[in-house]
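# Structure at a glance
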Amino acid sequence: MTQINLDELSHLQAINKKLVTGYHISEQDTVMWQELDQQIDAYRTLFSALGHDLQHDSRGFYYFASDESTPNMGKISRAIALTIYILIEHYANSGKDPMRALFDEVSDLELMQTLVQMNKHLFDQLEIFSGSDLRKDVYLRMVRLGLSREVETGFMLQAPIYRYIDALMEVNEETYIGEDE
């Protein structure tokens, strides 16, 4: 069994608190991210003993694996996935590189209102009826999960959003395979 020196894990409490709430620690969380990066083996061993599966994504973030990618994913996850999908579509339709725009563009209230209006039938199903609802019910939750950060004029997506992009790509791939059969 690996020996863990808890004195070397100076941010253990803060890291644990963030991760157990579903937060994704990314490079913008400089101190916690650096400690995880430098002490990954100790943290994996410790969290595994506590029943958690610490994951490191090479795109720059850490999180606890959960079985949230099931068909019964929660309303919040569905709302986040829908928002990401619609943002990608919106940027592509605007002639922008959607992947670059996802991380470079600020999602402000005006954009949120536009997205909700143009996709009313989809957002209605999630009880999101305005840009303000999208801000409150999706973007502020993304901040609490470390998927986005709030800036002066709106919100900027962060690297952990790739988990949703990966899931959307997987669903898209399964859809095309299903159509071919």
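Look above for the structure.
Here the structure is a predicted model, which means the values were calculated and not measured. (Residues numbered from 1 in each chain as written. Predicted model: local features only at pLDDT ≥ 70, side-chain atom pairs only at ≥ 80, totals over all residues. Heavy atoms only, no water.)

One pass over the full model with this rule turns up six aromatic pairs. Look at F47 and F64: their rings are 4.9 Å apart centre to centre, the planes differ by 80°, and that puts the pair in the edge-to-face class. In this pair, F47 sits in helix α3 (residues 40–49) while F64 sits in strand β3 (residues 61–64), placing the two residues 17 residues apart along the sequence. Here F64 falls in the buried class, since its relative accessible area comes to 11%. On the basis of an interplanar angle of 35° and a centroid distance of 5.8 Å, the ring pair of F61 and Y63 is categorised as tilted. By relative accessible area, F61 is classed as buried at 0%. With a relative accessible area of 13%, Y63 lands in the buried category. A network of ring pairs unites the aromatic residues Y43, F47 and F64 as a single cluster. (Phe/Tyr/Trp six-rings, centres within 6.5 Å; stacked < 30°, edge-to-face > 60°. Helix = DSSP H or I, 4+ residues; strand = E, 2+ residues; numbered from the N terminus. Buried < 20%, exposed > 50% of the residue type's maximum accessible area, 1.4 Å probe, protein only.)

Attention shifts here to the side chain of T83. Topologically, T83 is positioned in helix α4 (residues 75–93). Polar contacts involving the side chain of T83 include one to the main-chain carbonyl oxygen of A79, which spans 2.8 Å. If we ignore the near neighbours within four places in the chain, the residues touching T83 are F123, L134, V138 and Y139. (Polar contact = N/O pair within 3.5 Å; in protein donor to acceptor, adjacent residues only side chain to side chain. Contact = heavy atoms within 4.5 Å.)

Within the largest apolar cluster, 29 residues are counted, with the highest numbers of intra-cluster contacts made by I80, M142, L157 and I161. Examining the composition of this core, we find that eight residues originate from one element, α4, more than from any other. In this structure, I80 is in contact with V138, M142, L145, L147, I161 and Y164, ignoring residues within four places of it in sequence. A42, Y43, F47 and Y62 belong to the second-largest nonpolar core, a separate cluster that totals 16 residues. (Core = buried A, V, L, I, M, F, W, Y, C linked by side-chain atoms within 4.5 Å.)

One non-glycine residue, E127, lies in positive phi territory at about 60°. Mapped onto the elements of the fold, E127 is located in the loop between α7 (120–125) and α8 (131–144).

A few words on α3. Taken residue by residue, α3 has I40, A42, Y43, L46 and F47 as its buried positions. The arc that holds every buried residue of α3, seen down its axis, measures 160°, which confines them to one face. Across from the buried face of α3, at angles greater than 90 degrees, the exposed residues are D41 and A49. Summarising the contacts, the buried residues of α3 are in contact with α1 (12–20), α2 (30–38), β2 (54–57) and β3. Positive backbone phi, approximately 90°, marks G51, located one or two places after α3. (Arc of directions from axis to C-beta.)

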